[in-house]
Amino acid sequence: MSEAAIQSDLTEAIRKRRTFAIISHPDAGKTTLTEKLLLYGGAIHLAGSVKGRRAARHATSDWMKLEQERGISVTSSVMQFEYAGYHVNLLDTPGHEDFSEDTYRTLVAADSAVMLLDNRRGVEERTRQLFAVCKRRRTPIFTFVNKCDRVGEDPLKLISDVEADLGILCHAVTWPIRRDDAFIGVYDRRQKKIHLFDRDEAHGAERVRDHVAALDSAETRELLGVATHETLLHDLELLDAAGHPFDEQQIREGELSPVFFGSALTNFGVEPFLAEFLELAPAPLARESSVGPIDPYDDKFSGFVFKIQANMDPKHRDRIAFVRVCSGKFEAGMDVKQTRTGKTLRLSAPQQFLARERTAIDEAYPGDVIGVMDRGNLRIGDTLSEREGVEFQGIPRFAPEHFTRVVLIDPMKRKQLDAGLRQLTEEGAAQVFFTSPSDVAGPTPIVGAVGQLQFDVMLHRLEHEYGVRCRLERMAGKSPRWVTGPKDEIERVARSPGRSLIYDVKGNPVVLFTDAWDLRWATEKEKSVQWHEVAP
Ligand code: G4P
């Protein structure tokens, strides 16, 4: 291919890419909506609901047995589908807040987010937390109000609650149409079209039949009935008068959220949402790096690792690093620089995923996520690039909040325990500490995690992937602070009652506090040492 042809291939591919994640409080319907988007994208043919959701509970996007046992979604996966000429990458995130780190890192890899709300509950705690992460990064946020098949909060009130609670402006792109308390369709304000849905026999397992009509036609009046039609016209007048105007610039800057109404369960409103969302959501944009913004249209490949996952499939005992492509074209087998180490790595056998299924790929473009085989060289946050010295910024680091000693039941398995803990640390799922700086091979490592549930996952994985059974002894200390300064001062501040001193894998001292008041006091008053929230 000529230079010009290569560039136009890249431009075309970027223009079509949409990479997003869904943020929501558990139970708002993320799994159901994900499944329906895949259904409309032709990536699956029958949504899981047809088989009875209890049986196929975590239908498409979960891997680990443990998730099924506990009914929570733990790992993140990446799904691709094509729709209306767009190439869509949907980044799935764990539902449970104990796995927030994973979710936050995945949000960094997304170009936009869909905030899913339950029409009775509106904004909930977890929605608020995840919204805050997107807002900080100025990620464009789209809102989907779900479960409209049930009577919920008044849509106008929902919108004003979202605005007041989250401090974002809203513009309703679709509007629910109800008749005799039944949800029968949506009005698309941009296309000026009514979509009326057919209640079908498949209970949402197949695409819903959709009758499209103009707002003010004899046909529409007849289909809706005069009363419903008038209520709709009245609602729309109110929206035009009182709602925020549509403003593409504000959407791109994350200041205005386009709002959609629908039901993931029955599919009503899902397709109008998907069609509008893909048009309005941004294609991959330039990303900040240590050498300034990196343009996706740059002809040199670059990307960063936002997730590492080992043993995803017991049949393939391997370790996959998920790389978000930021610029240039990725080609299987290409050599790239790993900025952190300066080493050249060959990215062979890249894959894309649809939950359990993997497919080998030859190429990928900005916005795509590829899984590359990792033999232990890669770390979360690593930049890989054809250029030297580029480092992408903004992958968040988190301090653990809970600590436990990990006691081996069979002391002969120390080597396997170390291997397992090393793996979990590299995946960013846990951090390992010791009671003395020279204790790296000592008898009882300490593990810190952001959420308690990560310990259950750790025990499960140590046993099933490494054959090591352990018992946990929870520690009272939380709120770690890394301390730097003179050694005797560090030991003095750590010796106070209620505090304990541990060391991270690099031998850096860390003080754990049991009491929030003591933590505040120490970090404000003890000035002979420096306190850090994450490893310095
Ligand atoms: P999550 O991933 O956000 O946690 O939510 P999930 O999709 O698992 O949905 C949570 C519950 O909400 C499920 O019901 C699901 O069927 C229901 N749900 C999802 N979308 C809609 C919708 O549009 N309308 C209505 N009415 N319900 C919806 P469940 O009783 O917990 O499970 P199941 O018995 O349906 O499997």
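Quantities reported herein were computed from a predicted structural model and do not represent experimental measurements. (Residues numbered from 1 in each chain as written. Predicted model: local features only at pLDDT ≥ 70, side-chain atom pairs only at ≥ 80, totals over all residues. Heavy atoms only, no water.)

(A) The overall build of the chain, seen in detail. Counting its regular elements, the chain contains 14 helices and 29 strands. For the chain, the proportion of its 536 residues judged to be buried stands at 55%. Within the chain, counting contacts between residues at least 6 apart in sequence, those at least 24 apart form 70% of the total. Just so you have it, the chain exposes about 23,300 Å², and 50% of that area is on carbon and sulfur atoms. (Helix = DSSP H or I, 4+ residues; strand = E, 2+ residues; numbered from the N terminus. Buried < 20%, exposed > 50% of the residue type's maximum accessible area, 1.4 Å probe, protein only. Contact = heavy atoms within 4.5 Å. Areas by Shrake-Rupley, 256 points an atom, 1.4 Å probe, with all protein chains shown as cover.)

(B) Here's a closer look at the packing of helix α11 (residues 414-426) against helix α12 (residues 453-466). Relative to each other, α11 and α12 sit at 125 degrees, their axes nearing to 10 Å. Judged by the inter-axis angle, α11 sits oblique to α12. Judged by the sense of rotation from one axis to the other, the crossing of α11 with α12 is right-handed. Across the interface between the two elements, Gln416, Leu417, Ala419, Gly420, Leu421, Gln423 and Leu424 of α11 pack against Met458, Arg461, Leu462 and Tyr466 of α12. (Axes fitted to C-alpha atoms, helices over the stretch in contact; angles between N-to-C directions. Parallel < 35°, antiparallel > 145°, perpendicular 65-115°, else oblique. Left-handed = near helix turned anticlockwise from the far one by under 90°.)

(C) Spatial organisation of the packing of helix α4 (residues 100-109) against helix α5 (residues 125-136). Relative orientation of the contacting elements α4 and α5 amounts to 40 degrees, with a least axis distance of 10 Å. As the angle between them shows, α4 and α5 are arranged oblique. Crossing angle aside, the handedness with which α4 passes α5 is right-handed. In this structure, α4 uses Ser100, Thr103, Tyr104 and Leu107 to contact α5, whose residues at the interface are Arg126, Gln129, Leu130, Val133 and Cys134.

(D) Broad picture of the sheet that holds strand β23 (residues 431-434). On the basis of which strands lie adjacent, the open sheet formed by 8 strands has the order β25-β22-β24-β23-β27-β28-β26-β29 and antiparallel pairing. Of all the strands in the sheet, just β25 (470-474) and β29 (530-532) have a single pairing partner and so form its edges. Sheet twist, expressed as the average angle between the axes of neighbouring strands with direction ignored, equals 40 degrees. Bridge count between β23 and strand β27 (residues 499-504): 2 bridges; the pairing is antiparallel. Opposite Phe434, over in β27, you have Tyr503 as the bridge partner. Lying on the sheet, α12 is in contact with β22 (402-408), β24 (446-449) and β25; it crosses β25 at an angle near 160 degrees. (Pairing = 2+ DSSP bridges.)

(E) Quick look at the pattern of salt bridges. Per the stated rule, a full pass over the model turns up 30 salt bridges. Salt-bridge contacts for Glu388 lead to Lys337; the nearest nitrogen and oxygen are separated by 4.0 Å. Separated by 51 residues along the polypeptide, Glu388 in the loop between β21 (383-385) and β22 and Lys337 in strand β15 (residues 334-338) bring together distant segments of the chain. We classify Glu388 as exposed; its relative accessible area is 62%. Each of the salt bridges in this network shares a partner with another, and the network as a whole consists of Asp9, Lys329, Glu331 and Glu363. (Salt bridge = Lys/Arg side-chain N within 4 Å of Asp/Glu carboxyl O.)

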